[in-house]
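Given next are the chains, with one letter for each unit.
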Amino acid sequence: MDENKLTSDFNSEVEEAFRTAWHSEKGGDESWNKLMASYNVTPLTKEEKEMLLGSEMKIARGAFPIELRRVYDGIITKYKVPAASSQKLTGAINGFDMDSKVLEYYQKIKPFSGLGDIFKNAQTGTAKYSSGLQKEKHHTMKCRNCGAPRLEEMQYDSCLFCGSKLFETT
Ligand SMILES: [Zn+2]
């Protein structure tokens, strides 16, 4: 298949995933589940979704960012083989900045907040965390991409909200 076709197919699958996630009901729906299944993506469990819905990372609509990341990963995996013989496709895949794509999506699904800006939200989250949970403030894990704190009920190394690597703060 020719390079231009492959590259535009890759790009349209990425766009389609974004659109389907964005148009989904809050927390996911049938067509989003179908799309995830077509890439063999494991959806969040019901428990994980409930925990996220109760966390400070609010969403107004759409599927959860981490599920979109998993679909993006699936698309990239699918195009890895043809990319081996296409510089153009390889360029498109290498130029795909996962964290910023997922963050861009999050900014579209979070509740409108007038002055809202991701860095401001991240700082507010930290302040709230350290004043409200004094005894727990050591070894708090926080996402460097979206600012989500690690849910205390669970142990994991990647952000449950957006899928980025967490880092430790003191
Ligand atoms: Zn995150």
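Per chain, the residues get numbers from 1 upward, laid out in the order the sequence is written. Only residues with pLDDT of at least 70 are given local features in this predicted model, and only at 80 or more are side-chain atom pairs given and counted; all residues enter the totals for whole chains, interfaces and linings.

Caption draft 1: Inspection of the overall build of the chain at higher detail. Strands are runs of DSSP state E lasting at least 2 residues, helices are runs of H or I lasting at least 4, and numbering of each runs from the N terminus. Within the chain, the secondary structure is distributed over seven helices and two strands. Secondary structure elements in the chain, listed N-terminal to C-terminal, are α-α-α-α-α-α-α-β-β.

Caption draft 2: Fine view of the environment of K88. Tracing the chain through its elements places K88 in helix α5 (residues 87-94). Taking the number of C-beta atoms within 10 Å as the measure of exposure, K88 has 15 and is therefore partly exposed. Between the alpha carbons of K88 and E3 there is a distance of 6.4 Å; along the sequence they are 85 residues apart. Contacts here follow a simple rule: the backbone-placed C-beta atoms of the two residues must lie within 7 Å. Residues in contact with K88, not counting those within four places in the same chain, are E3 and T7. Whether a residue is buried, exposed or partly exposed follows from its count of other C-beta atoms within 10 Å of its own C-beta, namely 20 or more, 12 or fewer, or something in between, respectively; the C-beta atoms are built from the backbone.

Caption draft 3: Geometry of the environment of E104. Along the chain, E104 falls in helix α6 (residues 98-109). Overall, the presence of 12 C-beta atoms within 10 Å leaves E104 in the exposed class.

Caption draft 4: How the structure looks around the packing of helix α1 (residues 3-23) against helix α4 (residues 65-83). Every axis in this analysis is a line fitted to C-alpha atoms, fitted for helices over the stretch in contact. Angles between the N-to-C directions lie between 0 and 180 degrees. The interhelical angle for the contact between α1 and α4, taken along N-to-C directions, is 165°, at an axis separation of 10 Å. Between α1 and α4, the crossing angle belongs to the class labelled roughly antiparallel. Where α1 crosses over α4, the handedness of that crossing is right-handed. Across the interface between the two elements, L6, F10, E13, V14, A17, F18 and A21 of α1 pack against L68, V71, Y72, I75, Y79 and P82 of α4. Here the residues of the contact of α1 with α4 are counted per class, giving twelve nonpolar, no polar and one charged. Orientation is classified from the angle alone, with under 35 degrees giving roughly parallel, over 145 giving roughly antiparallel, 65 to 115 giving roughly perpendicular, and any other angle giving oblique. Two helices that cross are described as forming a left-handed crossing if the nearer one is turned anticlockwise from the farther one by less than a right angle, and a right-handed crossing if clockwise. Under the scheme applied, nonpolar residues are Ala, Val, Leu, Ile, Met, Phe, Trp, Tyr, Cys and Pro; charged residues are Asp, Glu, Lys and Arg; polar residues are all the others, including Gly.

Caption draft 5: Summary view of α6. Taking 1.5 Å per residue, twelve residues should reach 16 Å; α6 reaches 17 Å between its end C-alpha atoms and fits that length. Buried within α6 we find V102, Y105 and Y106. Down the axis, α6 shows its buried residues gathered within 105° of arc, on one side only. Among the exposed residues of α6, those pointing more than 90 degrees away from its buried face are S100 and E104. Turning to α6, the residues buried within the fold contact α1 and α4. Between the first and last residue of a helix there are one fewer steps than residues, each counted as 1.5 Å, and that sum is the expected span. As used here, the arc is the angular range of directions from the helix axis to the C-beta atoms.

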